[in-house]
Amino acid sequence: GAGVSQTPSNKVTEKGKYVELRCDPISGHTALYWYRQSLGQGPEFLIYFQGTGAADDSGLPNDRFFAVRPEGSVSTLKIQRTERGDSAVYLCASSRSDRLTGELFFGEGSRLTVL
Amino acid sequence: QKEVEQNSGPLSVPEGAIASLNCTYSDRGSQSFFWYRQYSGKSPELIMSIYSNGDKEDGRFTAQLNKASQYVSLLIRDSQPSDSATYLCAVPNQAGTALIFGKGTTLSVSS
């Protein structure tokens, strides 16, 4: 596709459930980022992939959060035992460069609501 | 301590006026600075980058950087209602692997 694609666009789940959010980056982009954004806040960095490997996962808040990118393209963010505080818009971004240039292309996000 | 600080606003200006958006950062070693625009309900998009002290102009937008004061600003001349959005300031993290965003300033341009 022409842009970063994220699915689902909306996800409502119950506290304690497991959730997977998918990101399909722009074709050829080797760098992939996950951010989350709460209302009235800027995007908060979670994890950065360069190719298949997580080059920086320092933003993951705790061990309930995990992300994979097994073939260096599509990535899945996995959240176990969801809590109400996990409710946010989860944004995926990609970049063509193997070093940070500052130009990130964001998807439209997956809005997660934990009841 | 937050790495990037912005006044959340809202900043309200009339159509045709100059809008001035400000950002301060804590890491004196930061070398690159970015402004993203986010329309309500949409994702952020890059509009300006600046790396050197001084001004950088792109159409109606001017980014200003003062590294000594750890201050970066975005000026929007001849503001239009279509400029109404949240403007996010961003700098690289210390590892140089990702961008750290401020909370954003909401701009409202009235016609």
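Higher on the page you've got the structure.
Computed from a predicted model, the values in this text were never measured in an experiment. (Residues numbered from 1 in each chain as written. Chains lettered and ligands numbered in written order. Predicted model: local features only at pLDDT ≥ 70, side-chain atom pairs only at ≥ 80, totals over all residues. Heavy atoms only, no water.)

A. Expanded view of unusual backbone geometry. Cis geometry marks the peptide bond from Thr-7 of chain A to Pro-8 of chain A, where omega comes out at -10°. Relative to the assigned elements, Pro-8 of chain A resides in the loop between β1 (5–7) and β2 (10–13). Gly-9 of chain B connects to Pro-10 of chain B through a cis peptide bond whose omega is 10°. Considering the arrangement of structural elements, one finds Pro-10 of chain B in the loop between β1 (4–6) and β2 (11–14). (Helix = DSSP H or I, 4+ residues; strand = E, 2+ residues; numbered from the N terminus.)

B. Geometry of the layout of surface pockets. All names here are of chain A. A volume near 640 Å³ is recorded for the largest pocket. The element that contributes the greatest number of residues to the lining of the largest pocket is strand β11 (residues 110–114), accounting for 4 residues. Partitioning the lining of the largest pocket into residue classes produces 9 nonpolar, 19 polar and 4 charged. (1 Å grid on protein atoms, 1.4 Å probe; cavity = no way out; pocket = protein on both sides within 12 Å on 5 of 7 lines; lining within 4 Å. Points joined across faces, edges and corners; volume = space filled by probe spheres on them. Nonpolar A, V, L, I, M, F, W, Y, C, P; charged D, E, K, R; others polar.)

C. Up close: the pattern of salt bridges. Per the counting criterion, the structure on display carries 6 salt bridges over all chains. Notably, a salt bridge pairs Glu-44 of chain A with Arg-36 of chain A, separated by 3.1 Å at the nearest N-O pair. Judged by relative accessible area, which is 36%, Glu-44 of chain A ranks as partly exposed. With a shortest N-O distance of 3.4 Å, Glu-57 of chain B and Arg-77 of chain B are connected by a salt bridge. Taken together, the positions of Glu-57 of chain B in strand β6 (residues 54–58) and Arg-77 of chain B in the loop between β8 (71–76) and β9 (85–92) put the pair 20 residues apart, joining distant regions of the chain. (Salt bridge = Lys/Arg side-chain N within 4 Å of Asp/Glu carboxyl O. Buried < 20%, exposed > 50% of the residue type's maximum accessible area, 1.4 Å probe, protein only.)

D. Spatial organisation of the environment of Ser-108 of chain B. With respect to the helices, strands and loops of the structure, Ser-108 of chain B is situated in strand β11 (residues 105–110). When sequence neighbours within four positions are dropped, the list of residues in contact with Ser-108 of chain B reads Leu-11, Ser-12, Val-13 and Ser-84 of chain B. (Contact = heavy atoms within 4.5 Å.)

E. Inspection of the interface of chain B and chain A at higher detail. With 20 residues of chain B in contact, the opposing surface of chain A contributes 19 residues. Interface of chain B and chain A: buried area, both sides summed, is about 1,500 Å²; carbon and sulfur atoms make up 55% of it. Where chain B packs against chain A, one counts 0 salt bridges. Linking chain B to chain A there are 7 residue pairs in polar contact (both at pLDDT 80 or more). The set of elements that each furnish at least two residues to the side of chain B that touches chain A consists of β4 (33–38), β9 and β10 (99–101) of chain B. Counting residues per element, the side of chain B that touches chain A draws most heavily on β4 of chain B, at 3 residues. (Buried area = accessible area lost by both parts, 1.4 Å probe. Polar contact = N/O pair within 3.5 Å; in protein donor to acceptor, adjacent residues only side chain to side chain.)

F. Quick peek at the state of the cysteines. Tallied over the entire structure, the rule returns 2 disulfides over all chains. The residue that forms a disulfide with Cys-23 of chain A is Cys-92 of chain A, at a sulfur-sulfur distance of 1.9 Å. Torsion about the S-S bond of the Cys-23 of chain A and Cys-92 of chain A cystine: about -70°, corresponding to left-handed handedness. You can see Cys-23 of chain A sitting in strand β3 (residues 19–24) and its partner Cys-92 of chain A sitting in strand β9 (residues 88–95), a full 69 residues away along the chain. Its relative accessible area of 0% is what places Cys-92 of chain A among the buried residues. Across a sulfur-sulfur distance of 2.1 Å, Cys-23 of chain B and Cys-89 of chain B are joined as a disulfide pair. Its S-S torsion of about -70° marks the bond between Cys-23 of chain B and Cys-89 of chain B as left-handed, since a negative value means left-handed. Here Cys-23 of chain B is found in strand β3 (residues 19–25), whereas its partner Cys-89 of chain B is found in strand β9, with 66 residues between them in sequence. Since its relative accessible area comes to 0%, Cys-89 of chain B is described here as buried. (Disulfide = S-S within 2.5 Å.)

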